[in-house]
Amino acid sequence: MTLDVIHFYRPTDPWGELSNFAPYPLLIDAVEWPTSEHLFQASKFADTPYAEEIRRAPNPMEAARLGRDHTRGMRRDWYGVRDAVMKKALLAKFTQHGDLRALLLSTGDALLVEHTKNDRYWGDGGDGSGRNRLGLLLMEVREQLRVAAS
Ligand SMILES: Nc1c(N[C@@H]2O[C@H](COP(=O)(O)O)[C@@H](O)[C@H]2O)[nH]c(=O)[nH]c1=O
């Protein structure tokens, strides 16, 4: 038996819908977020004017740039909560868009890997040495959707 592996990173490449930069808006407590990246980055500064500035960023790249500004006083527990924040954003994304839910379920048992040398925490570091936390959380969400559908 071979294990299928799906690599994703850029939203315009195959499987790009799995990227947080893909243009799928989310609604959380009646507030709209243009992408899961906007929501994720703003969550570093929860309920501050700067979080709202990130929500209004014109594209996910700009949201990420603003969110990575370490002079802005991220919430102090960020590294303890970031996986839970990411999971919540992914659950919203893949439950609020039926086409995305179907796409994620269509990956079956494939190993999902955010393949990039730019990120060794959320991604695989380009050579498999990274933790691929985004891919692992997507697989958790996939399993939850699968159970919910059965
Ligand atoms: N896809 C993608 C990126 N990767 C994303 O960056 C986010 C992590 O940000 P941080 O924890 O602030 O370093 C997370 O959503 C990860 O998937 N970064 C990019 O600059 N371009 C991109 O196309």
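Everything numeric here is computed off the predicted structure, so don't read it as measured data.

The helix and strand tally for the chain stands at six helices and four strands. Walking the chain from its N terminus toward its C terminus, one meets helices and strands in the order β-β-β-α-α-α-α-α-β-α. C-alpha extents for the chain along the principal axes are approximately 50 × 35 × 30 Å. The 150 residues of the chain split such that 47% are buried. In the chain, of all internal contacts separated by at least 6 residues, the share reaching a separation of at least 24 is 54%. Surface accessibility of the chain: about 8300 Å² in total, with carbon and sulfur atoms responsible for 53%. Taking the average location of the 20 positive side-chain charges in the chain and that of its 21 negative ones, the two points are 4 Å from each other.

Attention now goes to the nonpolar core. Counting residues in each nonpolar core, the largest one holds 25 residues, and the members touching the most others are L18, L90, F94, L112 and L138. For this core, the secondary structure elements donating two or more residues are β1 (5–8), α4 (78–96), α5 (98–105) and α6 (133–149). Each residue touching L138, except ones within four places of it in the same chain, is listed here: F8, L18, L90, F94, L104 and L112. Residues I28, A42, A51 and L66 belong to the second largest nonpolar core, which totals 14 residues.

To locate leftover empty space, one rolls a probe as large as a water molecule over the atoms. Of the voids in this model, the largest pocket is the one considered here, and its volume is about 540 Å³. Those elements that place two or more of their residues in the lining of the largest pocket are α1 (36–42) and α4. The leading source of residues in the lining of the largest pocket is α4, at four residues. As a volume, the second largest pocket reaches approximately 390 Å³. Lining the second largest pocket are 16 residues, with W33, L39, S43, A46 and D47 sitting closest to its centre.

Across the chain, the average pLDDT comes to 96, with 99% of residues at or above 70. Reported confidence for the predicted complex is 0.85 by ipTM and 0.95 by pTM.

We describe a pair of aromatic rings using the distance from one ring centre to the other and the angle between the two ring planes. Taken as a whole, this structure holds four aromatic pairs when the rule is applied. In textbook terms, an aromatic cluster arises when at least three aromatic residues are bridged by ring pairs, as seen for F40, W78, Y121 and W122. In this arrangement the basic side chain of R72 is found over the ring face of Y50, its NZ or CZ atom lying 4.1 Å from the centre. For the cation-ring pair, R82 lies above Y121, with the distance from its terminal atom to the ring centre recorded as 3.6 Å.

Another point: α6. If you check α6, its first and last C-alpha atoms are 24 Å apart, about what 17 residues at 1.5 Å a residue would give, namely 24 Å. For α6, the complete set of buried residues consists of R133, L134, G135, L137, L138, M139, V141, R142 and L145. On its buried face, α6 is in contact with β1, α4, α5 and β4 (111–114).

With that settled, the discussion passes to the environment of L104. Among the structural elements, L104 can be located in helix α5. Judged by relative accessible area, which is 0%, L104 ranks as buried. Separated by 37 residues in sequence, L104 and V141 place their C-alpha atoms 8.8 Å apart.

Conventions and cut-offs
Residue numbers restart at each chain and count upward from 1, following the sequence in its written direction. Local features are withheld for residues below a pLDDT of 70 in this predicted model, meaning they are given only at 70 or higher, and side-chain atom pairs are given and counted only at 80 or more; totals for whole chains, interfaces and linings count all residues. The side-chain quantities take in all heavy atoms of the structure and omit both hydrogens and water. Secondary structure elements are defined from DSSP: runs of H or I of at least 4 residues count as helices, runs of E of at least 2 residues count as strands, and each element is numbered from the N terminus. We call a residue buried when its accessible area falls under 20% of the maximum for its residue type, exposed when it is over 50%, and partly exposed in between, using a 1.4 Å probe and counting protein chains only. In this description, contact between two residues means that some pair of their heavy atoms is separated by no more than 4.5 Å. Computed with the Shrake-Rupley method and a 1.4 Å probe, the accessible areas treat only the protein chains shown as cover for residues. Asp and Glu are treated as the negative residues and Lys and Arg as the positive ones, with His and the ends of the chain left uncounted. Where a charge sits is defined by one atom per residue type, namely NZ (Lys), CZ (Arg), CG (Asp) or CD (Glu). Within this scheme, the nonpolar core is defined by two criteria: the residues are buried Ala, Val, Leu, Ile, Met, Phe, Trp, Tyr or Cys, and they are joined through side-chain atoms within 4.5 Å. Residues are called lining when one of their atoms sits within 4 Å of a cavity or pocket point, these points coming from a 1 Å grid over the protein atoms alone, where a cavity is a set in which a 1.4 Å probe fits but cannot get out and a pocket is an open set with protein on both sides within 12 Å along at least five of seven lines. Grid points are joined across faces, edges and corners, and a volume is the space filled by probe spheres set on the points. pLDDT gives the predictor's per-residue confidence on a scale running from 0 to 100. Here the aromatic set is Phe, Tyr and Trp, taking the six-membered ring for Trp, and pairing holds for ring centres within 6.5 Å; pairs whose planes are under 30 degrees apart are stacked, those over 60 apart are edge-to-face, and all others are tilted. We call a charge positioned over a ring when the NZ of a Lys or the CZ of an Arg lies within 6 Å of the ring centre and within 35 degrees of the ring normal. One less than the residue count of a helix, multiplied by 1.5 Å, gives the span that helix is expected to have.

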